[in-house]
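# A structural walkthrough
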Amino acid sequence: MNNSNDPLHGVKLEQILIELEKKIGWEKMGELLNIRCFTNKARLKSSLKFLRTTPWARSRVEILYLKTFCSKHKETGKLIRAILAQNAGVAETTSTEPAPFVWPTPKKK
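Residues numbered from 1 in each chain as written. Predicted model: local features only at pLDDT ≥ 70, side-chain atom pairs only at ≥ 80, totals over all residues. Heavy atoms only, no water.

Going by what an unreviewed UniProt entry lists, the protein is known as DUF2132 domain-containing protein and is assigned to Moritella marina ATCC 15381.

Encoded structure:
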């Protein structure tokens, strides 16, 4: 994939977390993603440490970021499918991968 068309190109994980926290907050991220680092004493430093060492969790955060901030970018759909396909390949080779993730439908206020 051409990096100039990649909406995540040049965006650091820390920036992703800061923007998501400002937009939806730790609690809502914990609800949507079902990742404990967002529900139990969520802090930027500890979340970054966990996400950098846990590929399946990082993928969920990146997809949430893409859906939240980059939904109008023409390459977003392709990138999300690529991330999901990559996770499916990893799940086939490892037995410690958690159950497949199903995106909840956010309730509109």
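Centre distance and the angle of the planes are the two values used to describe a pair of aromatic rings. Tallied over the full model, the rule gives three aromatic pairs. Seen in terms of ring centroids, Phe50 and Trp56 are 6.4 Å apart; in terms of plane orientation they differ by 85 degrees. Their pairing is edge-to-face. Since its relative accessible area comes to 23%, Trp56 is described here as partly exposed. Residues Tyr65 and Phe69 carry aromatic rings whose centres are separated by 5.1 Å and whose planes lie at 45 degrees to one another, so their mutual orientation is tilted. Taken as a pair, Tyr65 and Phe69 lie in helix H5 (residues 55–69) at a separation of four residues, close to a single helical turn. Assessed through its relative accessible area of 5%, Tyr65 is described here as buried. Here Phe69 falls in the partly exposed class, since its relative accessible area comes to 34%. (Phe/Tyr/Trp six-rings, centres within 6.5 Å; stacked < 30°, edge-to-face > 60°. Buried < 20%, exposed > 50% of the residue type's maximum accessible area, 1.4 Å probe, protein only. Helix = DSSP H or I, 4+ residues; strand = E, 2+ residues; numbered from the N terminus.)

Our focus in this paragraph is the packing of helix H1 (residues 13–23) against helix H4 (residues 44–53). Between H1 and H4, the shortest axis-to-axis distance is 10 Å and the interhelical angle comes to 130 degrees. By the angle between their axes, H1 is oblique relative to H4. Classified by chirality, the crossing of H4 by H1 is right-handed. Here Leu13, Glu14, Leu17 and Ile18 of H1 come into contact with H4, specifically with Leu44, Ser47, Leu48, Leu51 and Arg52. Grouping the constituent residues of the contact of H1 with H4 by class yields six nonpolar, one polar and two charged. (Axes fitted to C-alpha atoms, helices over the stretch in contact; angles between N-to-C directions. Parallel < 35°, antiparallel > 145°, perpendicular 65-115°, else oblique. Left-handed = near helix turned anticlockwise from the far one by under 90°. Contact = heavy atoms within 4.5 Å. Nonpolar A, V, L, I, M, F, W, Y, C, P; charged D, E, K, R; others polar.)

We now examine the pattern of salt bridges. Within the structure shown, the criterion is met by two salt bridges. Here Lys28 makes a salt bridge to Glu31, at a shortest N to O gap of 3.9 Å. Of this pair, Lys28 and Glu31 both sit in helix H2 (residues 25–33), separated by three residues, roughly a single helical turn. (Salt bridge = Lys/Arg side-chain N within 4 Å of Asp/Glu carboxyl O.)

Attention now goes to unusual backbone geometry. The bulk of non-glycine residues show a negative phi, and the bulk of peptide bonds are trans. Even without being a glycine, Asn34 presents a positive backbone phi close to 55 degrees. Among the secondary structure elements, Asn34 is positioned in the loop between H2 and helix H3 (36–39). Phi angles above zero are rare outside glycine, and Lys41 is one such case at about 50 degrees. Tracing the chain through its elements places Lys41 in the loop between H3 and H4. In this structure Lys41 comes out as exposed when scored by relative accessible area, which is 75%.

On to H2, then. Quick reminder: α-helices carry 3.6 residues per turn. Residues three or four places apart thus point the same way. Buried residues of H2: Gly25, Trp26, Met29, Gly30, Leu32 and Leu33, and no others. Where the residues of H2 are buried, they touch H1, H3, H4 and H5. Following H2 by one or two positions, Asn34 adopts a phi angle in the positive range, close to 55 degrees.

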